[in-house]
Amino acid sequence: MTRHLTEPAAVLATALFIFALHWMNDPKTARRGVVAGVVGMLVAVVATWVQPEIVHHGWIVAAIAAGFVVGVPLSLVPLTAVPQRTALSHAFGGLAAGLVGTAEYFLGLAEHPEALTTFRMSAIVAEVILGFLTFTGSLMAAAKLQEVKWIPQRPVTYPGQNVVNIGILAAAVALGALVVTRAATPWAAHAFLVIVALALLFGVLLIIPIGGADMPTVISILNSYAGLSAVAMGFVLNSKLLVTAGALDGSSGLILSIIMCRAMNRSFTNVLFGAFGTVQKAAAREDKVWKQETVEGAAQLLEQARFVVIIPGYGMAVAQAQHKVRELYDQLVKRGITVKFAIHPVAGRMPGHMNVLLAEADIPYTALAELDEINPEMPQCDVALVVGANDVVNPAARYARGSPIYGMPIIDADKAKTVLAIKRSKNPGFAGIDNELYVQDNTWMLFGDAKTVLGELVKQLAGGTGLH
Amino acid sequence: MIAVLLLAPPAPPAAPAAVDFWSMLFVFVLATFIGLGVIRRVSRLLYTPLMSLTNAISAIAVVGSLVVAGADYPVTIRVLGAVALFASMTNIVSGFLITDRMLKMFKKQ
C-alpha cells in the first residue's frame, strides 16, 4: 500500500520545489520558498522511509542525527564564511552522488548483473565521475576560501597543466566506456575504482590553478556539477523527482556561472583553464603617486556631499567591516545625504556575497544598486567611497588590451567628482594588477584596515554633529 | 486523497527496475527549461541564498541514500549509503537553515 505513496509524494515535492525557487524572485516572498522547500523535502523523505524494503531504521536515524549535528553548526557560520560553506555543501552533494553510484554498481555486480544495462551503467559512470570530481574540487575551493594553511591561495600553474588535466578526465571517461561495455567482467570492478580515483584527482587539479577573484564563477560551476551529479543519480535510481531537483540545481548553477562570466568578460573555458591571476605585470607606465587623505579630511568631504556611492568589495568582507559601513551609512543619511551601494556581480567570493553582508548589517536592500543601475548616476556622485574593492573599479578594464580584466564591466567610480578609497595595503589587488583609479587626480587614499578606518570616519562624523 | 492513493494501480517492483531512458531524458529536459525560466527571475539580491536553497533542494538525493542505507543489503553497501545519507542530510539541514537565516536579514527599511 505504501508503494503508492512515492509517486504522488514525488509530484507534490517537485511542485513545492519549483514554487520555492519561484518565490525567490522577491525578498518579500523568499522566506515562503524555504517553507515550501522544507515541506517538499519532508514529504519525499517520509514517503521513501515508509517503504517496506527499508528495514535498518537504526542506521538511518544515526545518519540523519549525524547530519543534524554537523548541519546545524554549519548553518551558523559568520556570513563572511558563507562562500566556503557553500563550496563545502557542493562537496557533500558530490560525495553523496559518488557514493550512491558506487554502491549501486557493486550492488548490481553482486546481486543483479543483468540489471547493469548499458544505459544504467553509463548513468552510474557519469554519476560517479561528476560526483567525485565535484567532491574534491569543492573541497579544494572551500579550503582556498577558508585560507587553509597548506593549500596555496595563489593559483598554482605548471607547463602542460591543461594537457594533464584533460588527459586525466579523458582517461576516466575512456575507462568508463570500457566498464560500460564490459560491466560484468572481473577486472571491471578494479577499473571502476580507478575511475573513482581519477575523478577525485581531477577535481583537485581542476581547482589548483584558480585564484580568489575567480571563485564566484568557480563556485557557480561547481554548483552546476553538483546538480548534474544529482541528475545522473536520478537516472540510475529511476527517480523523476531526483532528476527534476538536480536539473533545477544544475540550471541555477549554469545561470549564475553565465552571469559571473559575463560580469568578468570571460568564458567558462577561460576561467577553468586560463589560470587567471598568475603574475601579471602591468605595462610599464610613468609612476604616479597616491595622494593620501586624513580621516578628518575624508569626513569633511563626505559631510559636504549630497550623493555618496559606497562600493564594497572582498576587502570589506575580510575586515568584517559591514557593520561599520552601516554606521557610516546612518551618519550620512542623518545629514540628508543620499547614499547608495554599488554592487558588482563578482564583488566578493560568491554570487550575491556583498548583498548578504550588507543585509546582515541591516542596510535596507532598497539602497543596493546593481552595476547597470548605478553607472549612469556616477557622474552626479559627489563622493565614491571604495571599501576593499579593487578590480571591479579598475578603469584599465575599459582600454588596456593586455590586461586580464580587459573588457570586464566595471563600476565607474572614476567618473565620480571625488573618489575615496580605503585599502588595506599598497599592494595590487587579487588579480595582481595595478589600479590607476588610485592615482587619479580626484582620488584620495585612506590606507588601513577597512573596519578601523571606517570606525574613525564614523567617530569623526559623530563628533562633528556633537559640536554644531 | 487517501482513497485515490489506494485505488492507484500497483507500482512496479522496487529491485532494479528497468529505466525508461527516454521518459527520464524528457523529464530532465523539461525540468532544465523550467529551472532556467524560474531562476532567471530570481532577485539579483538573493543569489547567495538562492545557491544555498538549490543546494538544499538537490539534497533530495537523500531518497536514494535512504534506500541504500536502510534496505537489506550487504554491510559495506549500507555503509556507503549511510555516509551518503549523512552528507545529504547535512546539506538539507544547513542549507535550509542558513537560507532562512540570510533571507530574514533582507529588510526594506
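Residues numbered from 1 in each chain as written. Chains lettered and ligands numbered in written order. Predicted model: local features only at pLDDT ≥ 70, side-chain atom pairs only at ≥ 80, totals over all residues.

So, the overall build of chain A
Selection rule: For helices the rule is a DSSP run of H or I covering at least 4 residues; for strands it is a run of E covering at least 2, with both sets numbered from the N terminus onward. Buried means a residue has 20 or more other C-beta atoms within 10 Å of its own C-beta, exposed means 12 or fewer, and partly exposed covers the counts in between; C-beta atoms are placed from the backbone. Placing C-beta atoms from the backbone, we regard two residues as in contact once those atoms come within 7 Å.
Scanning chain A for helices and strands turns up 17 helices and six strands. With the C-alpha coordinates aligned to their principal axes, the bounding extent of chain A is approximately 85 × 50 × 35 Å. Expressed as a percentage of the 468 residues in chain A, the buried residues total 53%. Partitioning the intrachain contacts of chain A with sequence separation of at least 6 by distance along the chain shows that 80% fall at a separation of at least 24.

Things to note about the overall build of chain B
Within chain B, the regular secondary structure consists of five helices and zero strands. Counted from the first residue to the last, chain B has its helices and strands arranged as α-α-α-α-α. Evaluated residue by residue, chain B yields a buried proportion of 56% over its 109 residues. In chain B, 61% of the contacts between residues at least 6 apart in sequence involve partners at least 24 apart.

Comments concerning unusual backbone geometry
All names here are of chain A. The phi angle at Glu 147 is positive, at roughly 55°, despite the residue not being glycine. The exposed category is assigned to Glu 147, around which 11 C-beta atoms lie within 10 Å. Of note, Asp 362 is a non-glycine position whose phi angle comes to about 70°, a positive value. The residue Asp 362 is located in the loop between helix H14 (353–360) and strand E3 (368–370) in this model.

Things to note about the packing of helix H4 (residues 82–111) of chain A against helix H4 (residues 62–70) of chain B
Let me state the cut-off plainly: For helices, the fitted line uses only the C-alpha atoms of the stretch in contact; every axis is such a line through C-alpha atoms, and the angle between N-to-C directions lies from 0 to 180 degrees. Put simply, angles under 35 degrees are roughly parallel, angles over 145 are roughly antiparallel, angles from 65 to 115 are roughly perpendicular, and the rest are oblique. The handedness criterion is simple: a crossing whose near helix is rotated anticlockwise from the far helix by less than a right angle is left-handed, and one whose near helix is rotated clockwise is right-handed. The nonpolar class holds Ala, Val, Leu, Ile, Met, Phe, Trp, Tyr, Cys and Pro. Asp, Glu, Lys and Arg form the charged class, and all remaining residues, Gly among them, are polar.
Viewed as axis vectors pointing N to C, H4 of chain A and H4 of chain B meet at an angle of 45°, and their least axial separation amounts to 10 Å. When the axes of H4 of chain A and H4 of chain B are compared, the pair comes out oblique. Like other packed secondary-structure pairs, H4 of chain A and H4 of chain B cross with a definite hand, here left-handed. Seen from H4 of chain A, the contacting residues are Ala 96, Val 100 and Ala 103 of chain A; seen from H4 of chain B, they are Gly 64, Ser 65 and Val 68 of chain B. For the contact of H4 of chain A with H4 of chain B, the class distribution of residues is four nonpolar, two polar and no charged.

Thoughts on the interface of chain A and chain B
In this complex, chain A contributes 103 residues to the contact, which on the side of chain B involves 86 residues. The dominant element in the side of chain A that touches chain B, judged by the number of residues it contributes, is H4 of chain A, at 17 residues.

Section: the nonpolar core
Worth spelling out the cut-off: Each nonpolar core comprises buried Ala, Val, Leu, Ile, Met, Phe, Trp, Tyr and Cys residues, the members being joined through C-beta atoms within 7 Å.
Of all hydrophobic cores here, the largest spans 198 residues; its most connected members are Ile 311, Val 386 and Val 387 of chain A together with Ile 60 and Leu 85 of chain B. The element best represented in this core is helix H5 (residues 118–146) of chain A, accounting for 17 residues. Other than its neighbours up to four places away in sequence, Ile 60 of chain B contacts Met 41, Ala 44, Leu 241, Leu 242 and Ala 245 of chain A.

Thoughts on the confidence of the model for chain A
What counts is decided by this rule: Confidence of the prediction at every residue is given by pLDDT, a number between 0 and 100.
When pLDDT is averaged along chain A, the result is 89; 93% of the residues meet or exceed 70. Taken as a whole, residues 276–286 of chain A scores under 50 in pLDDT and shows 22 contacts with residues more than four places along the chain or in a different chain.

Considerations on the environment of Lys 291 of chain A
Residue and element names in this part refer to chain A. Among the secondary structure elements, Lys 291 is positioned in the loop between helix H10 (268–273) and helix H11 (295–304). In this structure the C-alpha to C-alpha distance between Lys 291 and Trp 444, which are 153 residues apart in sequence, comes to 5.4 Å. Ignoring anything within four residues of it in the chain, the contact list for Lys 291 reads Trp 444 and Met 445.

Observations regarding the pairing of strand E2 (residues 338–343) of chain A
Residue and element names in this part refer to chain A. Just so we agree on the cut-off: The pairing criterion is simple: DSSP has to find at least two bridges between the two strands.
Taken together, the four bridges between strand E1 (residues 307–312) and E2 define a ladder with parallel strand orientation. Bridge pairing in E2 places Val 308 opposite Val 339. Pairing between E2 and E3: three bridges, direction parallel. Counted as the bridge partner of Ala 342 is Ala 369 from E3.

Here we look at H5 of chain A
Residue and element names in this part refer to chain A. The condition is simple: By this rule the span expected of a helix is its residue count minus one, scaled by 1.5 Å.
In a regular helix each residue adds 1.5 Å, so 29 residues correspond to 42 Å; H5 covers 41 Å between its end C-alpha atoms and thus fits that length. A large share of H5 lies buried, amounting to 25 of its 29 residues. Positive phi shows up at Glu 147, right after H5, with a value of about 55°.

Some details on the sheet that holds strand E6 (residues 443–447) of chain A
Residues and elements named next belong to chain A. The strand order across the open sheet formed by six strands is E3-E2-E1-E4-E5-E6, and the pairing between neighbours is parallel. This sheet does not close on itself; its edge strands, each paired only once, are E3 and E6. Averaged over neighbouring strand pairs, the angle between their axes works out to 25° when direction is ignored. Where H11 meets the sheet, its contacts fall on E1, strand E4 (383–387), strand E5 (418–423) and E6, and the angle it forms with E5 comes to roughly 135°. Against the sheet, H14 engages E1, E2 and E3, with an angle of about 145° to E2.

Brief notes about the environment of Ile 151 of chain A
All names here are of chain A. The residue Ile 151 is located in the loop between H5 and helix H6 (161–181) in this model. Through-space distance from the C-alpha of Ile 151 to that of Ile 208 is 8.8 Å; in sequence the pair is 57 residues apart. Excluding its chain neighbours within four sequence positions, the residues that come into contact with Ile 151 are Met 140, Ala 143 and Lys 144.

Section: the packing of helix H2 (residues 30–49) of chain A against H4 of chain B
The description of two packed helices rests on the angle between their axes and on the distance between the axes. Where H2 of chain A meets H4 of chain B, the axes come as close as 9 Å, and the angle between the chain directions of the two elements is 20°. The pairing of H2 of chain A with H4 of chain B is recorded here as roughly parallel in orientation. Relative to H4 of chain B, the crossing made by H2 of chain A is right-handed. When H2 of chain A is examined against H4 of chain B, the residues Ala 44, Val 45, Thr 48 and Trp 49 of chain A are found in contact with a partner set consisting of Val 62, Val 63, Leu 66 and Val 67 of chain B. The residue makeup of the contact of H2 of chain A with H4 of chain B, split by class, is seven nonpolar, one polar and no charged.

Considerations on the confidence of the model for chain B
Residue and element names in this part refer to chain B. Of all residues in chain B, 82% attain a pLDDT of 70 or more, and the chain-wide mean is 86. Between residues 1–14, whose pLDDT stays under 50, and residues either more than four places distant or in other chains, the model counts twelve contacts. Here the complex is predicted with pTM 0.89, and the ipTM for its interfaces comes to 0.90.

Focus: the pairing of E5 of chain A
All names here are of chain A. Most of E5 sits out of view: five of its six residues are buried. With five bridges joining them, E4 and E5 adopt parallel strand pairing. Bridge assignment links Ala 384 to a residue of E5, and that residue is Val 419. Here five bridges tie E5 to E6, and the two strands are oriented parallel to one another. From the neighbouring strand, Lys 423 faces E6, where its bridge partner is Phe 447.

Thoughts on helix H8 (residues 215–237) of chain A
Along an α-helix, a turn takes 3.6 residues, which lines up residues three or four apart on a common side. Over its 23 residues, H8 of chain A extends 32 Å from the first C-alpha to the last, a length consistent with the 33 Å expected when each residue adds 1.5 Å. Taken from the residues just after H8 of chain A, Asn 238 of chain A is the one with a positive phi, measuring 60°.

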